[in-house]
Structures are given as structure tokens and as C-alpha cells.
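Commentary on secondary and tertiary structure
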Amino acid sequence: MHYHSNPARRVHNRPLDVLKGAAAIAEFIFGTKRRRREVYYLVERNGLPHFKMGTMICARTSTIEAWIQSQEAEVNR
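We now turn to the structure provided with this report.

Cut-offs applied
Residues numbered from 1 in each chain as written. Predicted model: local features only at pLDDT ≥ 70, side-chain atom pairs only at ≥ 80, totals over all residues. Heavy atoms only, no water. Helix = DSSP H or I, 4+ residues; strand = E, 2+ residues; numbered from the N terminus. Contact = heavy atoms within 4.5 Å. Areas by Shrake-Rupley, 256 points an atom, 1.4 Å probe, with all protein chains shown as cover. Phe/Tyr/Trp six-rings, centres within 6.5 Å; stacked < 30°, edge-to-face > 60°. Lys NZ or Arg CZ within 6 Å of the ring centre and 35° of its normal. Salt bridge = Lys/Arg side-chain N within 4 Å of Asp/Glu carboxyl O. Buried < 20%, exposed > 50% of the residue type's maximum accessible area, 1.4 Å probe, protein only.

Of the regular secondary structure elements, the protein chain holds three helices and five strands. Of the regular secondary structure in the protein chain, the N- to C-terminal order runs β-β-β-α-α-β-β-α. By sequence separation, contacts in the protein chain at least 24 residues apart represent 41% of the contacts at least 6 residues apart. Accessible surface computed for the protein chain: about 5,900 Å², of which carbon and sulfur atoms make up 49%.

Time to look at the packing of aromatic side chains. Tallying each qualifying case throughout the model produces zero aromatic pairs. One cation-aromatic arrangement involves R35 over F30; the distance from NZ or CZ to the ring centre is 4.0 Å.

Turning our attention to the pattern of salt bridges. The full count for this structure, using the stated rule, is two salt bridges. Residues D17 and R60 are paired through a salt bridge, measuring 3.1 Å at the closest nitrogen-oxygen approach. With a gap of 43 residues between them, D17 in the loop between β2 (14-15) and β3 (18-20) and R60 in strand β5 (residues 56-60) connect regions that are remote in the sequence. The exposure class of D17 is buried, given its relative accessible area of 11%. A salt bridge links R35 to E38, with the shortest nitrogen-to-oxygen separation between them at 2.7 Å. For R35, a relative accessible area of 33% corresponds to the partly exposed category. Judged by relative accessible area, E38 falls into the partly exposed class, the value being 34%.

Distances and angles like these do not, on their own, reveal function.
Printed below as a string of C-alpha cells:
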């Protein structure tokens, strides 16, 4: 069964939006996995919202999008 076709793994009729690993988070934010070290920097210095699954850093795309919007709002005040 494909991930997206399993209704139990959907929230509000969309797939769960969990990014697993700094490389996946970097690809979502920056468009490239190569900037994964910057993800760790953002976590430590700028409060990038995240959680851990064991030792793996994870984040939700929806939470990151909201965080980016709040960062933009801070700059535009």
C-alpha cells in the first residue's frame, strides 16, 4: 500500500507532513539537501520548530511554514 493511499495516515484529508532528518528539512526550506548543517544552526540559534524521533531531528512542513511566516512578520513590523 502506498503511503498517500492509507486513510489512517492522513490528517484533514492530506498526508501527514512530517519531514524526517535534517537533509529533508533542508530540502524543504532551501531546496537542497546540502544545506542540512544550516538546519542545525536554525534549531540552535533561531528556534526552528522541530521534534525528535529517537536521535533523528524531524519537523512538520505546516509548522515550518507557520514559523517562516512569523519570522517574516517580525521583520516587517
